[in-house]
Amino acid sequence: MKKEITRRNFVNRTIGASAGVFVLPALTGFTKQERTKGIKPLIITSHTNDTGQKAIETGWEILKNGGSAVDAVEKAANIIELDAEDTSVGYGGLPNENGVVQLDSSFMDGKTYSAGAVACLENIKTPSSVARIVMQHTDHVLLVGAGALQFAKAWGFQEENLLTEKARKIWLRWKEELSPTDDWGVPEHLQNLKKNESYWHDFPDIEHHYGTTNVLAIDMNGDIAGCTTTSGLSFKINGRVGDSPIIGAGLYVDNEVGAAGATGRGEDVIKSCASYYIVLKMKEGRTPQQACEDALQMIVDRYRKVNPDFFPGEKFVAINKYGDLGCATMKGNRKPQMSVRVDKGFSRYDGKIAFEGK
Ligand code: GLY
């Protein structure tokens, strides 16, 4: 008898029955009655500038007209990715050490338990849209580098130069500043005059950051979706992948609980599976605010054993399915915030500095 080759039995035959599969468990635990209590559309982003506001107003238009959280999140993330002035996300993001912009993004749909992501994607302005297609049109979760680009082109995305003049000049200045023992920079006999270079005035401080954005939304049906998108650590080693495209690290979404996203030093977020941890904590009954702080405490506790003075710079945002909010950073001078849009209007939510004064 001819046996139909489905994707599942093809994979089982190919990899053999003994191969282990590690799957993060679904975080169910609330009753249906609880689920339907107080659900309202909601969209948030970790971006607190004007573009962040414009982004979630765009997402809100979709949500208030009954559109899906997945659509709202994608359209909102695209606004931030396309902002050429923003040096941390999408087009205009700061490049890697070779001057090449490599973008990371992930998408997760809490209703279907589907996820998609791209890493080290070059020449495509809106990596979140590619991540969404990986999620909805493949049986994979993460595509990287040349394969991710080939996939994006197959779906009609146009290759474009992502390195803006501003980002290129910041990168060149970084290269000149990097080391006194290499040959980048003005000739030695003119070094005391180098501050006459125009970009020293235009960019007095070299930006060196992990800037990223998270967008999380709940639609009228109570379905939850999220996206994290970034150009990653500025001047990173070619090929470095941060937390943003790693499901469970830079993003995690579960309809039965809520959603969480991370910005900041991706290396810490990957090792701590921070977004998954936050959603797990919410499932255990912690509020989104408490869960964000729990994740920071967990990271600090681990580093404390090897270096008590090290406080990494993460910011976490979270929502639960009831629309409660959370936002926390490790340390800093300013309270962390996130932008929020609900039916009452736009607002900025003040989070907490978890280790203020320590
Ligand atoms: N959180 C962004 C990055 O580390 O790449």
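These lines cover the structure that appears in this document, whether it is placed above or below. Source: prediction; values computed, not measured. (Residues numbered from 1 in each chain as written. Predicted model: local features only at pLDDT ≥ 70, side-chain atom pairs only at ≥ 80, totals over all residues. Heavy atoms only, no water.)

**Quick notes on the site of the ligand**
Taken together, Tyr 210, Thr 212, Gly 232, Leu 233, Arg 240, Gly 242, Asp 243, Ser 244, Gly 264 and Gly 266 are the residues near the ligand. A distance of 2.6 Å separates an oxygen atom of the ligand from a polar side-chain atom of Arg 240. Here the ligand, which alone exposes 190 Å², has 100% of that area covered by the protein. Taken together, the residues of the shell around the ligand break down into 2 nonpolar, 6 polar and 2 charged. (Near = heavy atom within 4 Å. Polar contact = N/O pair within 3.5 Å; in protein donor to acceptor, adjacent residues only side chain to side chain. Areas by Shrake-Rupley, 256 points an atom, 1.4 Å probe, with all protein chains shown as cover. Nonpolar A, V, L, I, M, F, W, Y, C, P; charged D, E, K, R; others polar.)

**Some points on the sheet that holds strand S10 (residues 325–329)**
Across the sheet, 5 strands lie side by side as S7-S8-S9-S10-S13; this open sheet has mixed pairing. Of all strands in the sheet, those with a lone pairing partner are strand S7 (251–254) and strand S13 (352–353), marking the two edges. Pairing analysis gives 7 bridges linking strand S8 (residues 258–264) to strand S9 (residues 314–320), with the strands arranged antiparallel. Looking across to S9, one finds that Gly 258 is bridged to Asn 320. The strands touched by helix H10 (residues 274–283) within the sheet are S7, S8 and S9, with S8 carrying the most contacts at an inclination of about 145 degrees. In the packing of helix H11 (residues 288–304) onto the sheet, contacts are made with S9, S10 and S13, and the angle to S10 comes to roughly 25 degrees. (Pairing = 2+ DSSP bridges. Helix = DSSP H or I, 4+ residues; strand = E, 2+ residues; numbered from the N terminus. Contact = heavy atoms within 4.5 Å. Axes fitted to C-alpha atoms, helices over the stretch in contact; angles between N-to-C directions.)

**Regarding the pairing of S9**
Counting buried residues in S9 gives 7 out of 7 residues, a clear majority hidden from the surface. Judged by which residues are buried, S9 turns out to be covered on both faces: Glu 314, Phe 316, Ala 318 and Asn 320 on one side and Lys 315, Val 317 and Ile 319 on the other are all buried. Examined bridge by bridge, S9 and S10 share 5 bridges and lie antiparallel to one another. Bridge pairing links Lys 315 to Thr 329 in S10. Once S9 ends, the chain turns through 4 residues before running back antiparallel as S10, passing Gly 323 with a positive phi of about 90 degrees. (Buried < 20%, exposed > 50% of the residue type's maximum accessible area, 1.4 Å probe, protein only.)

**With respect to the pairing of strand S3 (residues 114–121)**
Here S3 lies mainly inside the structure; 7 of its 8 residues are buried. Here strand S2 (residues 103–109) pairs with S3 via 6 bridges, running antiparallel. The residue bridging Asp 109 from the neighbouring strand is Ser 114, located in S3. Two strands pair when backbone bridges link them, and S3 and strand S4 (residues 142–144) are joined in this way by 3 bridges, in the parallel orientation. From the neighbouring strand, Ala 117 faces S4, where its bridge partner is Leu 142. Crossover connection from S3 via helix H5 (residues 127–137) to parallel S4: handedness left-handed. (Right-handed = clockwise from strand over helix to strand, strands pointing away.)

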